[in-house]
Every structure is written in C-alpha cells, then in structure tokens.
Amino acid sequence: MNYKELIATALDNALEGQLKKETIIQTIEKPKSLALGDFAFPTFPLAKILRKAPQVIAQEIAAKISIKEFEEVQAVGPYVNFFLDKRSYSDTILHQILAERAAYGNQDLGQQGKVPIDMSSPNIAKPISMGHLRSTVIGNSIAKILAKTNYQPVKINHLGDWGTQFGKLIEAYKLWGSEEEVKADPINKLLEYYVRFHKEDVAHPELDDEARAWFKRLEDGDAEAITLWKWFRSESLKSFMRIYNKLGVEFDSFNGEAFYNDKMDEVVTLLEKKGLLQESRGAQIVDLSKYNLNPALIKKTDGATLYITRDLAAAIYRKRTYDFSQSLYVVGNEQTNHFKQLKAVLKELGEDWSDDIHHIPFGLITQGGKKLSTRAGRVILLDEVLDDAVALAKKQIEEKNPQLADKELVAKQVGVGAVIFHDLKNERMNNFDFDLEEVVRFEGETGPYVQYAHARAMSILRKAAKQDLNETKSAAYQLNDEDAWEVLRLLGSFSAIIKRAVTEYEPSVVAKYSLHLAKSFNKYYAHTKVLTSDDQLIARVALVKSVAVVLKESLRLLGVQAPVEM
RNA sequence: GCGCUUGUAGCUCAGCAGGAUAGAGCGACCGCCUCCUAAGCGGUAGGUCAUCGGUUCGAUUCCGAUCAAGCGCACCA
C-alpha cells in the first residue's frame, strides 16, 4: 500500500491544481515524533502562491480531507498531519508478515542479474587480521541483501597467492623451515620465516637474489617451486577456512592472483593494439591525465606486471564469465585511486561496462590511533578476537542463564555475532580505533542486544504455543496502543530499509534498523503483558511472532545468528 | 602541494532526497526483578550541529572558503 500516493491524491483534489502532484509527493514527509502523526505536509510552499499564512492554509486543507486509511487528518501549526488508522494498518501488516515469513521484504530490484563481489582476499602465509574482517563481513552482508532483492551474488575470494614474496618465502623455508613445523601451525610459521627473511636480508643482500631466483623458477614452472607454492597455499587456505567457518561465511570462488597469471598477456596485447601503452621512465604505462588520474603502471621496468594489470585481467574475466550487471570490490578506502584507474583504463579500452564496476570502500581500523602494520607488529588477529568474544559470551551465559541447554553453541553465536555486528553497525566509511572491550560488548547498541530481543520473543512464543492460540487468516490483528504502534511502524518499513541498504551498499542501514526494532520491542513487552486473556491476545501474539520473523531476517542479512534462547 | 574521506553531547555514533522543541548507546547520577529470561525497562544531567560566508519562506542537511584529522599521490597489493 502506498500511503504517500493516497495522501498526494487527496491533497491534489483539495488544492485544485495549485501544486503539481509530483511536488506534493516530494513535500510529504515523516514527522520526527509519532505524536505528530505518520505523515505530514508542510504548507510553507503554498504561502506565497495563495498569499495566506501557512497556518490558515493547513487548517483549510485539513478540513477538506478525509481518507479511509487514516483515522485523523489534523492541522498543527503550518503542517497538515496524517494519522494512519492503527487497527487496519496493524491487521494488514501482521497478516502480510505471517504469510510471507522470511520472504517478507523481498523485492525484485536485480532481475536475476549476477553480481560478483571481490571480498576478504587475504594474503597467503599471512594471518587474517581485523582489516580483512571488514571486507569479509561487509561483502557477505551485501551479498545476502543483494540476493534478497533478486540479484545473484557471486562471492569471490581474490586470494593474494602470487608475487615476489613467494620467492622470499621459499628461500626462507629452505634455509630455516621444516615440514613438521609448518604442518603444526602453518600461518604463524610461514609468517615467522617471512619476517626472519626480512631481518636477515639487511645484512645479507644476496638472499634477495636467491629469492628472486626462486620466484623466477616458480614462474617458469619448476617442479619443486610449484610443489612448495601449492603446499603453502593449501595449508594457508586450511587455516583461513577455520576462521571463515567460525564467521559462517562461504565463497563461490577462490580464484586469486595466481589464477590470472596466464590471462595478463592478453590485456597487455589489447592495450598495445589500442595504442594506449606508452613508455615512461622505462616502464609501460597508460596515460590517464584526461581523467585527472596518475598513469596506470602496466609493466615495471623489468617487464614484470603489476596489481592493476592483474585486476584488469580479472575484471575482463568476470565480465566474460558472469556477464554481470554489477561488479563489486569490497576493498579499503585507501585504494580508491586504484579503482578509479581500473575503471578509466577499461573505459579507454572501450569497455562501456566499466560503469557497472563499483568500489565499495570502507574506513580504516587503527590501534592507538595508528595504522595497523604487520611489520611494525601492530596486528590484531581475527582468530584471537573471535575466541575472546566467544569466551566472554560463555562467561555471560554462566552468570545470567546457567541452565541454558546449548551453552557452547549459543556462546559462539553470541560472541561471533557481537564481533560481526560491531563491524556492521556503523557506516562503512567511518574509521574506528580497535578496542576489544568495545567490540565484545553485549549491552546497549550491540548484536547481542538484538539477539536478546529475538530470544525473548521466541520465549514468549514457546509459552503461547502451550496455550491453544491458533492463528488464522480471518483472525483480526487490530492493535491500537502506543507501544505496539512504534513496533508496527518499524515492521512496515522493512522493505524500504532493504531497498536503501542495497542501493547504498550499506549493511549498517539494516543493522541500525534491527536495533530500532529490538528497542521498540523491548519497550513493548516491558510495558505490555502479552499472554493475558483478553480480546487482543491473538493479535499480540501475532505481533510478537512478526517481530521474531523480522529480527531474525535482519540478523541473517548481516550474517549474524539468532539463537532461540540465550 | 594535489586528490579522496571525515568533523553533531565527555566517548562511540544516528539524523533517509532542507522543514515543527537536534536523537540513541556508552560513561555519570537515581529508580524498577512475589509479573512472559534485568544481555532488559524507566528517569536526571550533558550540544553556539568545527568556523565564516552564500542559496532559501526555512540549512545539522545543499554550495563555497577556512581550520583540523585520516588516507592516497608510478615500478607493493
């Protein structure tokens, strides 16, 4: 039901063509306070035209208007305020949610269009840090929201599994490593070798030559080099998978940098053919000065390719493979320029679909105000953060609900949920300084707060199930009290929230919504006893059930579990 | 120096396409468990919306300048 449209039609009639209907629709707004109704029409713009005081105009309009769906149309100062008929709105929305369940809020914005999402993308032989968490959970949530709006997301983990660092890694392993060590603790050991290499090559620059030689052998397909590389890659991947399992994130593709090795020549040839390649300071570049961008470095002085060459190959490959309607890159804000260059080069190549490529940037995580850096030892290991969070959740359960059945499982859901939610609740672009206590907080505006509201709703529903409260299609869900109204309004705005979240690629919109809904529901059941026998009992149960459905669905879209009890 | 992003309560942040007394959470102080799990609910205190201009009947919101912070600025990704 489009209420704005209804109001606009009524206003249009009342105003007898003084304003265009489109203008009227744009002018209609939502009042800040529920006491001022559900929709409002400010009369300021009419004051000039009609040469009357806005207050007078508001009163004249209000007197003329009556709409079935609204119980009251009232002039308050210069505004005409519209109050929805609570009983009928309540009845409509609750029936709709209970009929559609998890599909409530679904809409067809994408028409099945495929959307590859470049996300997470950790480097082999390096641990997954909090920085990767952002890309992973933001990408994961966007994928779910896209699916809800009828796109087909393709989650691609563009692994950092190639490059000169593998030469260093192989050399370091040959010098100081052992198979047993790596098997026992792959990431940490590999990282250790890598770090040691960087320490020792200061005094022994010949190590760099050895590393270069190893990487050359790797590129040339030397059997030993390839075997080691594959092994490092698979061991690293195994430990990454442990973390992805904890987070509940799955991927559709692990095609990383190495996958595009044999696909870069074509890009270079293409650029040459189009006459876009120039030599500059010994390197091959594409000039982008007409885009007001730095030149794109395609080949180094030594002929080796670079990041952007690989990304060009990947972009083209994805277009061919998926014929995408959009292609997303969930990558930190600091790489904005790179993606501008990427799109510009594709544009120069005449690939008009470059406009469908969107960089989804996000803010930086710092610690003590400083940028995280593996080399400076400022790393926050995601695995440890998750474990800490789960341990803390476990402790909370022991304190607050010691007789809970599935303590371990719920502790995982709550602990991990807190970490994910914390990352998604604010706008992507905000930077944040890492604070473990802040991340694993369970009170206030947090994931567990939303989970708790859901668990409480489920608890009420379990009790209700023991009574015989059959919901039927003919049942009247006509609630009209103030606390219920806040909840109902929020339930009704779910679709609009999903739409905004997907067009802005902004999971925080859903996260904020879930907090608002949880808050209004907490308030509701704190002040209204649901399970008392009166003529609105069934309607209240329907409200609780609807809240549970929408809260669970909101959390699902964020990649957060919703335990039924906690 | 140039470019991008950001500047709202002590702290962390909302405020959707400009509109009615600027909202939450945390922290502080004060209340509420014979009542569906107190991971909850209620109340008090706390803001010249960085600064200065401009557009408008009206600007926290749009535009410009200034100041401050973060990030980036060719052979890393």
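Residues numbered from 1 in each chain as written. Chains lettered and ligands numbered in written order. Predicted model: local features only at pLDDT ≥ 70, side-chain atom pairs only at ≥ 80, totals over all residues. Heavy atoms only, no water.

### Some words on the overall build of chain A
Thought 1: Summing up its helical and strand segments, chain A has 22 helices and 13 strands in all.
Thought 2: With the C-alpha coordinates aligned to their principal axes, the bounding extent of chain A is approximately 90 × 65 × 40 Å.
Thought 3: Within chain A, contacts between residues at least 6 apart in sequence are counted, and of these 73% link residues at least 24 apart.
Thought 4: Surface exposure of chain A reaches about 26,800 Å², of which carbon and sulfur atoms provide 48%.
Thought 5: The average position of the 75 basic charges and that of the 79 acidic charges among the side chains of chain A differ by 3 Å. (Helix = DSSP H or I, 4+ residues; strand = E, 2+ residues; numbered from the N terminus. Contact = heavy atoms within 4.5 Å. Areas by Shrake-Rupley, 256 points an atom, 1.4 Å probe, with all protein chains shown as cover. Lys, Arg positive; Asp, Glu negative; His and termini not counted. Charge placed at Lys NZ, Arg CZ, Asp CG, Glu CD.)

### Some details on unusual backbone geometry
Thought 1: For arginine 51, which is not glycine, the phi torsion reads 55° and is therefore positive.
Thought 2: Its place among the elements puts arginine 51 in the loop between helix H3 (44-50) and helix H4 (54-64).
Thought 3: With a relative accessible area of 74%, arginine 51 lands in the exposed category.
Thought 4: Despite not being glycine, serine 121 shows a phi value in the positive range, around 45°.
Thought 5: Examined against the element boundaries, serine 121 turns out to sit in the loop between strand E4 (114-118) and helix H6 (130-148). (Buried < 20%, exposed > 50% of the residue type's maximum accessible area, 1.4 Å probe, protein only.)

### Some words on the sheet that holds strand E9 (residues 327-330)
Thought 1: An order of E5-E4-E9-E10 is seen for the 4 strands of this open sheet, with the pairing classed as parallel. Each having just a single partner strand, strand E5 (152-156) and strand E10 (357-360) make up the two edges of the open sheet. Strand-to-strand twist in this sheet, taken as the mean axis angle between neighbours without regard to direction, amounts to 20°.
Thought 2: In terms of strand pairing, E9 meets E10 through 4 bridges, oriented parallel. Within the sheet, the bridge partner assigned to valine 330 lies in E10 and is isoleucine 360.
Thought 3: Along the sheet face, helix H14 (residues 336-348) touches E9 and E10 and points at about 175° away from the line of E10. (Pairing = 2+ DSSP bridges. Axes fitted to C-alpha atoms, helices over the stretch in contact; angles between N-to-C directions.)

### Quick word on the UniProt feature "domain: Arginyl tRNA synthetase N-terminal" (unreviewed entry) in chain A
Thought 1: This chain's UniProt record puts "domain: Arginyl tRNA synthetase N-terminal" (unreviewed entry) on residues 5-84.
Thought 2: With 45% helix and 21% strand, the stretch residues 5-84 has end C-alpha atoms that lie 14 Å from each other. (UniProt positions renumbered as here; feature names shortened; annotations may be inferred.)

### Description of the pattern of salt bridges
Thought 1: Tallied over the full model, the rule gives 33 salt bridges.
Thought 2: Lysine 148 is the salt-bridge partner of glutamate 553, the closest N and O atoms lying 2.9 Å from each other. Of the two residues, glutamate 553 is situated in helix H22 (residues 537-558) and lysine 148 in helix H6; the sequence distance between them amounts to 405 residues.
Thought 3: Relative accessible area serves as the criterion here: at 5%, lysine 148 is assigned to the buried category.
Thought 4: A salt bridge links lysine 246 to aspartate 383; its shortest N-O distance comes to 2.7 Å. With lysine 246 in helix H11 (residues 223-247) and aspartate 383 in helix H15 (residues 382-400), this pair connects stretches of sequence that are 137 residues apart.
Thought 5: Look at aspartate 383 and you get buried, because its relative accessible area is 18%.
Thought 6: Each of Arg242, Lys246, Asp383 and Asp387 takes part in one network of salt bridges that share partners. (Salt bridge = Lys/Arg side-chain N within 4 Å of Asp/Glu carboxyl O.)

### Details of the protein's contact with RNA strand B
Thought 1: Neighbouring RNA strand B are 66 residues; Tyr79, Glu257, Leu297, Lys300 and Thr528 lie closest to it.
Thought 2: Separating a sugar or linking oxygen of RNA strand B from a side-chain N or O atom of asparagine 337 is a distance of 3.4 Å.
Thought 3: Between RNA strand B and the protein, one listed contact pairs a phosphate oxygen with a side-chain N or O atom of asparagine 430 at 2.9 Å.
Thought 4: Of all the secondary structure elements, the ones that give two or more residues to the surface near RNA strand B are H3, strand E3 (79-84), strand E7 (283-286), H14, H15, helix H18 (447-466) and helix H21 (507-527).
Thought 5: Taken together, the residues of the surface near RNA strand B sort by class into 27 nonpolar, 16 polar and 23 charged. (Near = heavy atom within 4 Å. Polar contact = N/O pair within 3.5 Å; in protein donor to acceptor, adjacent residues only side chain to side chain. Nonpolar A, V, L, I, M, F, W, Y, C, P; charged D, E, K, R; others polar.)

### Brief notes about the UniProt feature "short sequence motif: 'HIGH' region" (unreviewed entry) in chain A
Thought 1: Within the UniProt annotation, "short sequence motif: 'HIGH' region" (unreviewed entry) is assigned to residues 122-132.
Thought 2: When the span residues 122-132 is considered, its composition is 27% helix and 0% strand, and the gap between its end C-alpha atoms is 7 Å.

### Comments concerning the nonpolar core
Thought 1: Phe41 and Phe82 are the most contacted members of the largest nonpolar core, which has 155 residues in total.
Thought 2: At 14 residues, the largest contribution of residues to this core is made by H22.
Thought 3: Those residues within four positions of phenylalanine 82 in sequence are excluded, and the remaining contacts are Ile7, Leu11, Gly37, Asp38, Phe39, Ala40, Phe41, Ile65, Ile67, Phe70, Glu72 and Val73.
Thought 4: Of all hydrophobic cores here, the second largest spans 29 residues; its members include Leu276, Leu277, Val286 and Ile357. (Core = buried A, V, L, I, M, F, W, Y, C linked by side-chain atoms within 4.5 Å.)

### A word on a positive patch on the surface
Thought 1: Taken together, Arg462, Lys463, Lys466 and Lys529 make up a surface patch of like positive charges.
Thought 2: Structurally, lysine 463 is set in helix H18.
Thought 3: Look at lysine 463 and you get exposed, because its relative accessible area is 53%. (Patch = residues over 30% accessible without salt bridge, like charges linked within 9 Å, V, L, I, M, F, W, Y side chains within 5 Å.)

### Observations concerning the domain arrangement of chain A
Thought 1: Assigned domains of chain A: these are domain 1 (3-84), domain 2 (114-262 + 314-366) and domain 3 (382-558).
Thought 2: If you average the C-alpha positions of domain 2 and of domain 3, the two centres end up 35 Å apart.
Thought 3: In this complex, domain 2 contributes 30 residues to the contact, which on the side of domain 3 involves 28 residues.
Thought 4: Here domain 2 is connected to domain 3 by 5 salt bridges.
Thought 5: Applying the counting criterion to the domain 2 and domain 3 interface returns 17 residue pairs in polar contact (both at pLDDT 80 or more).
Thought 6: Those elements that provide at least two residues to the side of domain 2 that touches domain 3 are H6, H11, E10 and strand E11 (365-367).
Thought 7: Broken down by element, the side of domain 2 that touches domain 3 gets its largest block of residues, 11 residues, from H6.
Thought 8: Taken together, the residues that form the side of domain 2 that touches domain 3 break down as 17 nonpolar, 8 polar and 5 charged. (Domains from an automatic or database assignment.)

### A few points about the pairing of E3
Two faces make up the sheet, and in a regular strand the side chains alternate between them.
Thought 1: Of all the 6 residues making up E3, 5 are buried; the element is thus mostly covered by neighbouring parts of the structure.
Thought 2: Pairing of strand E1 (residues 39-42) with E3, which is carried by 4 bridges, proceeds in the antiparallel orientation. What sits directly across from phenylalanine 39, in E3, is phenylalanine 82.
Thought 3: Here strand E2 (residues 70-76) pairs with E3 via 6 bridges, running antiparallel. When the sheet's bridge partners are listed, valine 73 is paired in E3 with phenylalanine 82.
Thought 4: Where E2 folds back on E3, the antiparallel hairpin that results is connected by 2 residues, among which glycine 77 adopts a positive phi of roughly 60°.

### What to know about helix H9 (residues 186-203)
Thought 1: Compared with the 26 Å implied by 1.5 Å per residue over 18 residues, the 27 Å span of H9 between its first and last C-alpha is a close match.
Thought 2: Of all the positions in H9, only Pro186, Ile187, Lys189, Leu190, Leu191, Tyr193, Tyr194, Phe197 and Asp201 are classed as buried.
Thought 3: In this structure, the buried side of H9 is in contact with helix H7 (165-176), helix H8 (179-184), helix H10 (206-219) and H11. (Expected span 1.5 Å × (residues − 1).)

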